Amino acid sequence: MDWSRYRFHTRWTLPAPPAAVYDVLERAEEYPLWWPQVRRIDRIDDTSGRISIRATLPYTLTFTARQTRREPDAGVLEIAMTGDLEGWARWTVTAYGDGTLARYDQEVAVRKRLLRLLAVPGRPVFRVNHTLMMRAGRRGLLTRLRQR
């Protein structure tokens, strides 16, 4: 097993229409306005950018994200990542009751040297760090949706 590889699956139920949720999620350059752990996004071109994230632990991950799928009718947004994280991430936004289910799926390998060295003992802590980041993202998204 490669201890530097991760699969994450997060589900957010949100009290807003799928189109509104999708609209916020597709504006990646605005994530730092509502998601505190997304520290910076520098647009490279129309389909890619350089992203820096830092959650609870004292390290920053920087990677280039390139859009690989954008399907508003299907509610799908997907990126490929290279840099400190290599792999992919996907949002899938669907109707759920009176609101929305936003599914986030990610498969990545960590390439940052220190995190690779700490892969085995740090794995549970890294997973908790990701969970905390995703909880903060949901709270930020809820606030952003209320502001619209």
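First, a word on what this report is: a plain description of the structure on this page. (Residues numbered from 1 in each chain as written. Predicted model: local features only at pLDDT ≥ 70, side-chain atom pairs only at ≥ 80, totals over all residues. Heavy atoms only, no water.)

### Thoughts on helix α4 (residues 119-146)
Here α4 is 28 residues long and its end C-alpha atoms lie 39 Å apart, about the 40 Å a rise of 1.5 Å per residue gives. Its maximal kink placed at V125, α4 deviates by approximately 30 degrees. (Helix = DSSP H or I, 4+ residues; strand = E, 2+ residues; numbered from the N terminus. Expected span 1.5 Å × (residues − 1). Bend = angle between axes of the 7 residues up to and from the residue.)

### Quick look at the nonpolar core
Ranked by internal contacts, the top residues of the largest apolar core, which has 38 residues, are V21, L25, W35, W91 and L141. A total of six residues in this core trace back to one element, the largest contributor, which is α4. (Core = buried A, V, L, I, M, F, W, Y, C linked by side-chain atoms within 4.5 Å. Buried < 20%, exposed > 50% of the residue type's maximum accessible area, 1.4 Å probe, protein only.)

### Some points on the side chain of N129
Mapped onto the fold, N129 is located in helix α4. Sequence-distant contacts of N129, that is, excluding residues within four places in its chain, are made with A55, T56, L57 and Y59. (Contact = heavy atoms within 4.5 Å.)

### Points about the pairing of strand β2 (residues 38-45)
Relative to strand β3 (residues 48-53), β2 is paired through six bridges, and the arrangement is antiparallel. Paired with R43 across the two strands is G49, which belongs to β3. The hairpin formed by β2 and β3 contains two residues between the paired strands. (Pairing = 2+ DSSP bridges.)

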